[in-house]
Amino acid sequence: AYCVERRRAIIGDDPGLGKTWSSLAVLAQLEAFPALVVCQGSMKLAWVDEARRCLPGHTRTLVDGTAAGAGPGADIVVVNQEIVAARLGDLRAHPWRGLGLDEVQRYKGADADRTTAVTELSRALCASDAVVLELSATLATGRAQHVIRPLALIDRLGTFGGRKAFVRRYCRGGEEVDRLVELH
């Protein structure tokens, strides 16, 4: 219900509890198609298989390779993180209504090409009121500062008073571990 109401959220369930199914169900309930899913290359086929089982009436496809080409034409399009930057031109031109970012904790480095590409896609979709969902079982298990980029990707740092306020409250030396519990 929270994800449906907010349209931009982090699904941070433990491994095996159904983050993939939950995100597909939110996309379906909000009719947020076409939707782009960005995941690790090793998970592309798993995403397509889960989409086939969870949403049998929707078409799905994979984006392979780094060569530019025609934009994807399915309800659910899955691209791996390793090539998202190389395919950004094609992906940016498509009228996405939903975006799923699997293993969002992998977008820590601001200078990484995949982080730059995903940031650009996410900003455009947040501005258009599309559905943007992030998935991670390990996002808030380390340091609170690792939550900053994922919150920025879904335009939710304002919920915490902005980046500076978030850092002041949650990223303060020895208190950080205690404050991290609040984020769960």
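As the structure is a computational prediction, the values presented were derived from the model and not from experiment.

Asks: Run through the pattern of salt bridges, naming residues and quoting values.
Replies: In total, this model carries nine salt bridges according to the counting rule given. Between Asp90 and Arg87 there is a salt bridge; the shortest N-O distance is 3.1 Å. For Arg87, a relative accessible area of 8% gives the class buried. Beyond isolated ion pairs, a larger network of salt bridges with shared partners links Asp49, Glu50, Arg52 and Arg53.

Asks: Residue-level account of the confidence of the model for the protein, with values.
Replies: This prediction gives the protein a mean pLDDT of 86; 88% of its residues lie at or above 70. Mean pLDDT across the elements of the protein ranges from a minimum in helix α8 (residues 176-183), with 62, to a maximum in strand β5 (residues 98-102), with 96.

Asks: An account of the environment of Val147 is requested, with residue identities and associated values reported.
Replies: With respect to the helices and strands, the residue Val147 is situated in the loop between β6 (131-135) and α6 (148-153). Counting along the chain gives 42 residues from Val147 to Gln105, while the straight-line C-alpha distance between them is 7.9 Å.

Asks: Could you give an account of unusual backbone geometry, with specific residues and numbers?
Replies: Looking along the chain, the bond that leaves Phe33 and enters Pro34 is cis, with omega of 5°. In this structure, Pro34 sits in the loop between α2 (19-29) and β2 (35-39).

Asks: Can you lay out the pairing of strand β4 (residues 76-80) for me, pointing to particular residues and giving the numbers?
Replies: Counting buried positions over the five residues of β4 gives five, a clear majority of the element. Both faces of β4 are covered, namely the face carrying Ile76, Val78 and Asn80 and the face carrying Val77 and Val79. Note that β2 and β4 share five bridges and pair parallel. Following the sheet pairing, Val38 is matched in β4 by Val79. Bridge analysis of strand β3 (residues 60-63) against β4 gives four bridges, and the strand direction is parallel. Within the sheet, the bridge partner assigned to Arg60 lies in β4 and is Ile76.

Calculation notes
Residues numbered from 1 in each chain as written. Predicted model: local features only at pLDDT ≥ 70, side-chain atom pairs only at ≥ 80, totals over all residues. Heavy atoms only, no water. Salt bridge = Lys/Arg side-chain N within 4 Å of Asp/Glu carboxyl O. Buried < 20%, exposed > 50% of the residue type's maximum accessible area, 1.4 Å probe, protein only. pLDDT = per-residue confidence, 0-100. Helix = DSSP H or I, 4+ residues; strand = E, 2+ residues; numbered from the N terminus. Pairing = 2+ DSSP bridges.

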